[in-house]
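# Coordinates in review
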Amino acid sequence: MPKSQVRRDQFGGVLRTLRLERRLTQEELAEAAGASVRGIREMERGRVRSPQRRTVALLADALRLAGADRDRFVALARVERQPHDRAPVPDEGVAVPGDRAEVPHDRVPTPYDRSTAVVPGELPAAVPDLAGRAEILERLSALAADVTAGQPDTASVVVLHGPPGIGKTSLAVAAGHRLSPAFAGGQLFVDLQGASPDGPVDPGEALAGLLRSLGVPDSWVPVSPAERGGLFRTLTRDRPLLVVLDNAASEAQVRPLLPAGRGCLALVTCRRPLTGLAGAVRLPLDLLDPAAGRLLLAAIVGADRIAAEPAAADQLVKLCGRLPLAVRIAGNRLASRPQWSVGWLVDLLRDQRRRLTVLTAGDLGVRSAFEVSYRQLDPMAARVFRRASLIPGTDFEPALVAAVAGTGEETAAAALEELVEAGVLLTLGDRYQFHDLVRLYAQERLDAEEQQAFRAEAHDQMVGWLLRRTRQAGLMFEPAAARVDSPFDDDRAAAYWLDRESGNWLAALRDAARRGRHAEVVAVTRALHWYSDANSHRHSWDEIFSLGVAAARAAGSPRDEAVLLNFLGWARYFCRDRNTDGLAALDRALELAQRIGDRREEAWALTYSAAILIRIGSGEAAVDHCLRAVGLFREIGYALGEHSAAGVQGGALAALGRFAEAADLHRAVLAFYSRGSSGLSRTGVAVARAGTMMSLGADLAGMGRWRAAADEYARARRVFHRCGATFSEANAIHRYGLALQALGEVDAAAEALRAALALYAALCCPWWEAQTLSALAALAGSGPGRAADARLLRQRALDRCGELDAPEVRTLRASLRRELAES
């Protein structure tokens with residue numbers, strides 16, 4: 001064939017034939033020749049018709065061509081660089097891109113006729129089953145409308161960011177197809193390979209591809225990246241263009257690729273938020289909500305199949321961590337296994353050791369998505385990533401990570417921020433959290449890369465640090481003499497830490513108990529006593545103090561055992577309304593204290609037992625117990641214990657109808673706390689005073705002084721609220737509502753009781769919910785046409801009584817049943 005008749009795609013065809021003969025992929029040839037995969041692909045398709053001489057030589061080397069074969073290959077490329085492929089020569093004195101005599105890009109003539117410019121449509125096919133992204137799509141549509149309308153101050157760059165597998169690319173492509181009619185200049189798509197193990201695409205290389213997509217012949221693509229960027233901006237200045245920059249690595253990679261026209265919009269996807277891109281709108285992608293997860297499954301598997309197993313479908317979405325990639329893979333596996341039930345796949349996923357393996361379908365895999373980010377971490381960040389998977393709670397602080405990683409807190413904090421930037425860790429203010437599937441991957445890397453001895457050492461460091469910090473926090477509520485070498489400024493700071501780290505320190509306490517670290521368990525549980533008094537229903541105190549009792553017994557320390565049995569008895573009756581179990585623990589504490597001669601713990605056992613005796617209607621016995629306790633406390637000179645027992649004695653007198661005597665005792669106890677001689681922390685004193693105000697309010701109510709009682713309850717409620725003592729606050733509001741009811745202020749009473757009910761429900765206190773519902777039923781029944789409301793409230797109250805077994809519960813249950821039968 002004469003040279004003048006050589007087909008323009010002949011070089012590409014020969015290149016492809018030679019590559020296939022040598023069994024090379026495009027990626028392998030690109031790597032061997034030092035070229036881009038995109039460049040190889042476009043040459044083979046005939047879109048690059050004038051490859052540079054250096055490129056041709058490198059390709060010949062990579063294909064191992066020699067002699068005549070090499071000469072023919074090079075000559076064929078030379079044929080395609082003949083003048084018929086070139087644009088007209090520019091006027092004399094005007095530089096073309098790449099010439100040394102440069103002129104500004106806004107005056108460089110375009111190397112092709114604009115009237116025949118290519119209108120690219122490069123968006124990949126959109127997934128047909130995008131779910132849970134309607135709100136973001138609507139926002140992008142509104143933004144695109146503003147951009148194309150030329151609205152001033154409208155952002156022209158949107159960053160869709162989030163962790164691996166969150167669906168950034170799927171959303172960007174779907175949005176691109178939806179918005180494409182608004183961008184008549186075309187749609188460009190570039191995979192920037194920011195998470196590729198081979199490294200991200202060079203911005204200059206990406207610019208060359210963009211210019212070719214806009215119709216610029218390869219011979220007219222400037223050599224320098226700066227000139228390529230200038231030409232790209234020139235070509236996009238007056239052209240309404242949508243550019244999707246997928247999988248970006250950094251701001252520096254993205255900036256040169258942003259179009260210049262006011263009618264252009266760039267959608268960027270990245271695991272990082274790219275905070276350095278000025279003026280960009282950042283849209284973080286969240287996990288799918290359960291409903292969206294079911295919709296995605298139904299779209300892949302079929303609605304009928306998902307509807308047949310709704311509970312299993314919900315569990316499947318949960319086990320996938322509501323991560324779109326994981327849900328999609330699960331759906332693909334079900335779609336390819338029509339004989340599988342949804343429940344069968346759920347059972348496979350329950351095994352955490354196999355979950356990431358199960359979540360693999362073809363070339364899609366959750367593990368591989370995480371692997372890319374992990375391999376890009378620096379060694380310290382990778383260590384922190386692995387070690388943080390040992391932390392038992394759902395979230396954690398840098399100080400705890402430093403302990404488990406064996407590094408300083410500043411180093412740990414910097415590594416955690418790198419992990420957030422890499423998209424493998426979530427941030428919650430100043431705390432951090434793994435996605436469930438990412439945690440499993442981190443545990444895999446820990447097992448694979450660190451020896452068992454090092455893993456055990458890291459785990460023990462973490463447990464020891466948590467136990468020490470928990471004990472230090474608890475001691476902040478003790479008398480001042482106990483607060484030594486504490487990292488906390490005051491008891492409020494300590495309470496804040498204990499509340500936020502409860503999932504971690506409680507798990508550490510359980511671990512220490514299992515591993516026989518008895519002395520540490522005893523020290524921690526004893527230190528938490530006064531904190532528990534102010535946070536009675538926030539943690540599982542019956543379990544915590546049970547661990548302490550068992551540890552003290554195993555350590556052979558009867559004194560510690562007596563102390564912790566008293567704490568356990570309190571937790572059972574006060575926190576769990578288990579009066580019988582509480583008395584059993586306190587009887588053991590009393591017997592043990594008497595046997596070892598510990599009068600202080602003997603007195604506390606009597607005091608706590610008296611509180612239960614009041615509850616079960618044994619007021620006289622309660623008074624006797626309190627008198628004995630007051631005497632013992634007085635003998636050993638323990639004023640705090642003496643006045644605590646006196647306060648309970650006042651409650652016993654009130655239960656016997658001796659309200660005036662009870663009020664005198666309670667006023668004396670209030671005066672003691674007001675003098676500031678108890679030695680308790682600020683929060684401890686406030687809670688003790690408010691508790692005594694509650695008792696005084698009950699005395700006043702017993703004397704029929706309802707307004708004075710309501711005032712005491714209101715004051716107590718304010719104190720409890722400031723101290724974060726939610727259960728006691730609910731009690732104060734409850735009693736305040738009853739006082740208002742007695743005063744005939746029905747609407748205000750109902751409002752207060754509903755507020756108390758909400759707090760009780762949040763704390764899961766069924767007995768107190770039942771009492772409040774019963775009181776609301778009484779109020780509802782007093783109104784005209786409200787019988788149905790009252791009946792519903794009584795039925796709810798009866799349900800909340802449940803299986804509770806105590807005299808007061810039995811009395812309320814019988815009353816509710818009688819009222820329901822009569823209604």
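In what follows, the accompanying structure is described. (Residues numbered from 1 in each chain as written. Predicted model: local features only at pLDDT ≥ 70, side-chain atom pairs only at ≥ 80, totals over all residues. Heavy atoms only, no water.)

Following both chains from N to C, one finds helix α24 (residues 502-514) and helix α25 (residues 518-527) inclined at 145°, their axes separated by 8 Å at the closest point. The handedness of the crossing between α24 and α25 is left-handed. For the pair formed by α24 and α25, the contact residues are Leu509, Ala512 and Ala513 on the first element and Val521, Val524 and Thr525 on the second. Residues of the contact of α24 with α25, tallied by class, amount to five nonpolar, one polar and no charged. (Axes fitted to C-alpha atoms, helices over the stretch in contact; angles between N-to-C directions. Helix = DSSP H or I, 4+ residues; strand = E, 2+ residues; numbered from the N terminus. Left-handed = near helix turned anticlockwise from the far one by under 90°. Contact = heavy atoms within 4.5 Å. Nonpolar A, V, L, I, M, F, W, Y, C, P; charged D, E, K, R; others polar.)

Its 17 residues place the ends of helix α30 (residues 599-615) 25 Å apart at the C-alpha level, agreeing with the 24 Å of an ideal helix rising 1.5 Å per residue. N-capping of α30 is provided by Asp598, with a side-chain oxygen placed 3.3 Å from the backbone N of Arg600. Note on α30: the residue one or two positions beyond its end, Gly617, has a positive phi of about 85°. (Expected span 1.5 Å × (residues − 1). Polar contact = N/O pair within 3.5 Å; in protein donor to acceptor, adjacent residues only side chain to side chain.)

Time to look at the sheet that holds strand β4 (residues 265-270). One open sheet holds the five strands; their spatial order is β2-β3-β4-β1-β5, and the pairing between them is parallel. Edge positions in the open sheet fall to β2 (187-191) and β5 (281-284), since each of these has one partner strand only. With strand direction ignored, the average angle separating the axes of adjacent strands in the sheet is 15°. Sheet analysis places strand β1 (residues 157-161) next to β5, joined by four bridges and oriented parallel. If you follow Val159 over to β5, its bridge partner there is Arg282. Those strands touched by helix α6 (residues 134-148) are β1, β4 and β5, and its axis lies near 165° from that of β5. (Pairing = 2+ DSSP bridges.)

Within the secondary structure, Leu509 is located in helix α24. On the basis of relative accessibility, which here comes to 0%, the residue Leu509 falls in the buried class. For the pair Leu509 and Thr234, spaced 275 residues apart in sequence, the C-alpha to C-alpha distance is 66 Å. Not counting residues within four places of it along the chain, the set of residues in contact with Leu509 comprises Leu467, Val521, Val524, Thr525, Ile544 and Leu547. (Buried < 20%, exposed > 50% of the residue type's maximum accessible area, 1.4 Å probe, protein only.)

Another aspect to go through is the sheet that holds strand β8 (residues 395-396). The strand order across the open sheet formed by three strands is β8-β10-β9, and the pairing between neighbours is antiparallel. For this open sheet the edge positions go to β8 and β9 (426-428), each flanked by a neighbour on one side alone. Here three bridges tie β9 to strand β10 (residues 431-433), and the two strands are oriented antiparallel to one another. Bridging from a neighbouring strand, Leu428 pairs with Arg431 of β10.

Let us look at the environment of Gly737. Position of Gly737 relative to the elements: it lies in helix α36 (residues 726-742). Residue classification places Gly737 among the buried residues on the basis of a relative accessible area of 0%. For the pair Gly737 and Leu670, spaced 67 residues apart in sequence, the C-alpha to C-alpha distance is 23 Å. With residues near it in sequence (within four places) discarded, Gly737 still touches Ala749, Ala752 and Leu753.

For His539, the location among the structural elements is in the loop between α26 (529-534) and α27 (541-554). Look at His539 and you get buried, because its relative accessible area is 10%. Within the structure, the side chain of His539 is placed 2.8 Å from the side chain of Tyr531, a separation counted as a polar contact. Not counting chain neighbours up to four residues away, the residues in contact with His539 comprise Leu498, Asp499, Ser502, Trp505, Tyr531, Ile544 and Arg576.

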